[in-house]
Amino acid sequence: MLDVAAVRAQFPIFETTAHGFPLIYLDSAASTQQPTAVIAAVNAYHRQTHANIHRGVYQLSQTATRLYEEARNTVARFINAADSAECIFTRGATESINLVAACWGAANLNAGDEIILSTLEHHSNIVPWQLIAQKTGAHIRVIPINDAGEIQFDAYQQLLSSRTRLVAVNQVSNALGTINSVREIIAAAHAVGAVVLIDGAQWVAHGVTNVQELNADFYVFSGHKLYGPTGIGVLYGKRDLLNTMPPYQGGGDMIEQVTFERTTYAPLPSKYEAGTPNISGAVGLAAALTWIESIGLATISAHEQRLLQHATARLSAISGLEIKGMAAQKSGVVSWIVVDPPLATLDIGTQLDLRGICIRTGHHCCQPLMNRFGIAATARASFGVYNNLDDIDRLAEALTEIIAAARAKNTISPALQQEGWGNFKLTAAASPTAAANEIAEIFEFLPDWPMRHQHVIDLGDKLLPMPESLKTAATAVHGCQSTVHIAARIAPGTTDIIEFLADSDANLVRGLIALLQQIYSGQSAAAILAFDAEAFFARIGLDQHLSMSRRNGLAAMVQRVRTLAQQVASE
Ligand code: PLP
C-alpha cells in the first residue's frame, strides 16, 4: 500500500489553497505536479552546474554535459531502450510526433499510402499526420471505437493492408482513460510491414514501459505528465529508422561538417537535437523518473486503480451525471457530462474551482472523439500518485451540490424562448462608458473573485431570452469552448443603433453576454467602436480570472458586435 500522505508531503503545491480551500488537484492528465526531488534537482542545476553543453572545454560545461547525457541514460533505462542514442530529447510528445511525421513521413510516404490512427487520438497525434498526408498524397484511415471507448480490433485488422505504412495510436486515451492493447496493435501492424508510433503521453507515469518488449518503432512522451518539468519530452525511435530519416531541424550540434556546398550530420542522438536543448528540463525529467522508480510503478498503478474504482462508483451514483468511457481497461481518468439538468462542462469546472477542485473541461484536444459521442465536451478528473480517496469524495459531494443547485434554479420559460426580436427591449445606458462604469462599481464593491463570479452567473440567469430560430450557423460564434450564438441587428426605426441577442449553454458565458449587452446593446455604431472593451475587462479583473479560451470567446463576441458597428459606420 502506498503511503499517500507521505507522498503528498513531497509536493509543495499542496501547501497552497485555492479560493480559500485546500487544493484538490484532479488534472494530472494535463500536467502532474512536481515533487521536491524534481524542483530541487532543477534548482541545483541552475545554482551549481549550468553551462552550455557539448562544446565547452571547461569543467562546468563538461559537468552540464554529463548531467544531460546521464539524463538520457536514465530515460533509456526507464523505457528499456536498447541504446540511449535512440532516446531523443524534444519539447514534448507533440514535438516528438511532429518530428516523426515530418522526417519519417517525408522519406517513406507516397501518394496512396495509408496512415492508420484511432478515434481516441489527441489532436497532436492527428494533425501532424494530416500535414504530412497533404504533402505526400497519403491517406488517413481511422480505427473506430465502441460505446465504451475501446478500439475495435476487428475493424483495425480490416483496415490493415499492404498500403498501410504507419499506425499511430495512444497507449492511454487522455479523454477517457482507455488503455489500449498496444502490444497486439503493434504486432498486427508489423505483420503487414507497417511502422508503429505509440503515443505514451498518458501511460508512462502509470505503468511500466518496455519499448523493446512492445517492439514499438517509435514511442513518445512528455516530462510534465510524469512529475517532471514542462518543455521537455522524449522521442524513442529504433536506431535503423532514426538513422535513415532526414534531420528535423538544422543548426548547431546536429552537424558533423558544414560547408556552403554540403553538410553532413552528426550521429544519433545529436542529429535530431539542433540548437541548445532544454538542459535543466532533461535534468528535471531524470529526477522525476528516478523519483517514480523509488515509489515503484506497480505501487503507483495499484493506488490509481483504487482511486479509479472509487471515483467510478461515487460519480455513477450521482443522478443526472453520465460517465463517458467505460472501457474494461482504464487508467486513472473519469470523464463525464451532466445531462439532467443539462449543465455546460465549463460551468461544472468553474463551480468546482470555486470549491478548490481543479478538473479539466472541454474537448481535451480530442474533437473527433467528442464527435463520436455526439457531445462537445466532457468534464474530466484525472488522478496522480498524490490523490487520495478524500479528494474523490470532495469531488462527488461538490458535484452533487452543484447539480442539486442547478435543479432548484428556475430555467427560462419555454414561452419566453418563443418570443422573437419583436419583443426585444433593453434599456440602454447613456453610453458604453456609462454602462461600463456602473458594472465596474458593482465589481469593486464585491470583495473577491468568487463573489464576482457569482454576480456574473446571476446576470446570466436574467439574460434576455434568445429565440431558438435565431440560433443558426450564421449567428454561431467561433472561438468559444461552449456553444454561443449572437444575433445583432440595427434597431428598427434607427439607422445606427445596434442591438443584439445572444445565448450560450454555459452559465458563465451567459453572464458575460449580459455584461456585453449592458455595454453595447442600444448604442450607436460610433460609440461601440470608440469603446475599449479590453481595457474594461482588465479593469474588472476578467483578464486574470477567465481562462485563455474563455477570453478568446469573449473577444470573438466583442468582435462580432464591432464588425456590425464597422459595417454600419462605413455605410
Ligand atoms: N498525447 C496525449 C494522449 C496527450 O494527452 C497529450 C497532452 O495532453 C499529448 C499527446 C500532447 O502532449 P504535450 O502537450 O506535452 O506535447
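Conventions adopted
- Residues numbered from 1 in each chain as written.
- Predicted model: local features only at pLDDT ≥ 70, side-chain atom pairs only at ≥ 80, totals over all residues.
- Heavy atoms only, no water.
- Axes fitted to C-alpha atoms, helices over the stretch in contact; angles between N-to-C directions.
- Helix = DSSP H or I, 4+ residues; strand = E, 2+ residues; numbered from the N terminus.
- Parallel < 35°, antiparallel > 145°, perpendicular 65-115°, else oblique.
- Left-handed = near helix turned anticlockwise from the far one by under 90°.
- Contact = heavy atoms within 4.5 Å.
- Near = heavy atom within 4 Å.
- Polar contact = N/O pair within 3.5 Å; in protein donor to acceptor, adjacent residues only side chain to side chain.
- Areas by Shrake-Rupley, 256 points an atom, 1.4 Å probe, with all protein chains shown as cover.
- Nonpolar A, V, L, I, M, F, W, Y, C, P; charged D, E, K, R; others polar.
- Pairing = 2+ DSSP bridges.
- Phe/Tyr/Trp six-rings, centres within 6.5 Å; stacked < 30°, edge-to-face > 60°.
- Buried < 20%, exposed > 50% of the residue type's maximum accessible area, 1.4 Å probe, protein only.
- Lys NZ or Arg CZ within 6 Å of the ring centre and 35° of its normal.
- Patch = residues over 30% accessible without salt bridge, like charges linked within 9 Å, V, L, I, M, F, W, Y side chains within 5 Å.
- Salt bridge = Lys/Arg side-chain N within 4 Å of Asp/Glu carboxyl O.
- Domains from an automatic or database assignment.
- Buried area = accessible area lost by both parts, 1.4 Å probe.

Caption draft 1: Quick look at the packing of helix α11 (residues 297–316) against helix α14 (residues 389–408). Where α11 contacts α14, the axes come no closer than 10 Å and their chain directions differ by 20°. By the angle class used here, α11 and α14 are roughly parallel. Between α11 and α14 the crossing geometry is right-handed. Across the interface between the two elements, R306, L307, H310, A311, R314 and L315 from α11 touch L389, I392, D393, L395, A396, E397 and L399 from α14.

Caption draft 2: Quick peek at the site of the ligand. Residues in close proximity to the ligand include G92, A93, T94, H122, S124, N174, D199, A201, Q202, S222, H224 and K225, which together make up its full environment. Separating an oxygen atom of the ligand from a side-chain N or O atom of H122 is a distance of 3.3 Å. One of the side-chain N or O atoms of H224 is found 2.6 Å from an oxygen atom in the ligand. Considered on its own, the ligand offers 390 Å² of accessible surface; in the complex 85% of this is hidden by protein. Looking at side-chain class alone, the shell around the ligand contains two nonpolar, eight polar and two charged residues.

Caption draft 3: Representation of the sheet that holds strand β8 (residues 195–199) within the structure. Across the sheet, which stays open at both edges, the seven strands sit in the order β4-β10-β9-β8-β7-β5-β6 with mixed pairing between neighbours. The sheet is open, and its two borders are formed by β4 (87–90) and β6 (139–143), each paired with just one other strand. Neighbour-to-neighbour, the strand axes of the sheet open up by a mean angle of 20°, direction not taken into account. The sheet contact formed by strand β5 (residues 114–118) and strand β7 (residues 164–170) spans four bridges and is parallel.

Caption draft 4: Quick peek at the packing of aromatic side chains. All chains considered together, the criterion is met by 14 aromatic pairs. Plain terms: the ring middles of F11 and Y386 are 4.8 Å apart, the flat faces sit at 80° to each other, and that makes the pair edge-to-face. Taken as a pair, F11 in the loop between α1 (4–8) and β1 (17–18) and Y386 in the loop between β18 (378–382) and α14 lie far apart in primary sequence, 375 residues in all. Each member of the pair, F11 as well as Y386, carries the same accessibility label: buried. Look at F536 and F537: their rings are 5.9 Å apart centre to centre, the planes differ by 50°, and that puts the pair in the tilted class. The same class applies to F536 as to F537, namely buried. Taken together, the ring pairs in this structure connect F11, F14, Y25, Y227, W291 and Y386 into an aromatic cluster. Between the NZ or CZ atom of R8 and the centre of the ring of F14, over which it lies, the distance is 4.7 Å. Across from the ring centre of F373, 5.4 Å away, lies the NZ or CZ of R372, which sits over that ring.

Caption draft 5: Broad picture of the sheet that holds strand β19 (residues 484–490). Read from one edge of the open sheet, three strands run β19-β20-β21, paired in antiparallel fashion. The two strands at the open ends of the sheet, each matched to only one other strand, are β19 and β21 (523–524). Taken together, the two bridges between strand β20 (residues 497–504) and β21 define a ladder with antiparallel strand orientation. If you follow I498 over to β21, its bridge partner there is Q523. Against the sheet, helix α22 (residues 548–570) contacts β19 and β20, and its axis sits at roughly 20° relative to β19.

Caption draft 6: Region of the structure containing a nonpolar patch on the surface. On the surface, a nonpolar cluster with roughly 320 Å² of combined accessible area is contributed by V57, Y58 and L60. Relative to the helices and strands, L60 is located in helix α3 (residues 59–79). By relative accessible area, L60 is classed as partly exposed at 37%.

Caption draft 7: Just unusual backbone geometry, in detail. In this structure, the amide linkage connecting L268 to the following residue, P269, adopts the cis form with an omega of 0°. Its location among the elements puts P269 in the loop between β12 (263–265) and α10 (279–295). With an omega of -5°, the peptide bond between D340 and P341 qualifies as cis. Checked against the element boundaries, P341 lands in the loop between β14 (333–339) and β15 (342–343). Its identity as a non-glycine residue notwithstanding, N80 has a phi of 55°, on the positive side. Along the chain, N80 falls in the loop between α3 and β4.

Caption draft 8: Main features of the environment of A434. Assignment of secondary structure puts A434 in helix α16 (residues 432–445). A434 sits in the partly exposed class, given a relative accessible area of 27%. For A434 and Q329, which are 105 residues apart along the polypeptide, the C-alpha to C-alpha distance reads 58 Å.

Caption draft 9: Highlighting the domain arrangement of the chain. When cut into domains, the chain gives domain 1 (4–30 + 296–409), domain 2 (37–294) and domain 3 (414–570). Computed from C-alpha coordinates alone, the two centres of domain 1 and domain 2 are separated by 28 Å. In this complex, domain 1 contributes 36 residues to the contact, which on the side of domain 2 involves 35 residues. Together, the buried faces of domain 1 and domain 2 total about 2800 Å²; carbon and sulfur atoms form 58% of this surface. Considering only the side of domain 1, the residues that lose the most area to domain 2 are L297, L369 and R372, jointly responsible for 21% of the buried surface there. Viewed at the interface, domain 2 and domain 1 are joined by one salt bridge. Note that D147 and R372 form a salt bridge whose closest N and O atoms lie 2.7 Å from each other.

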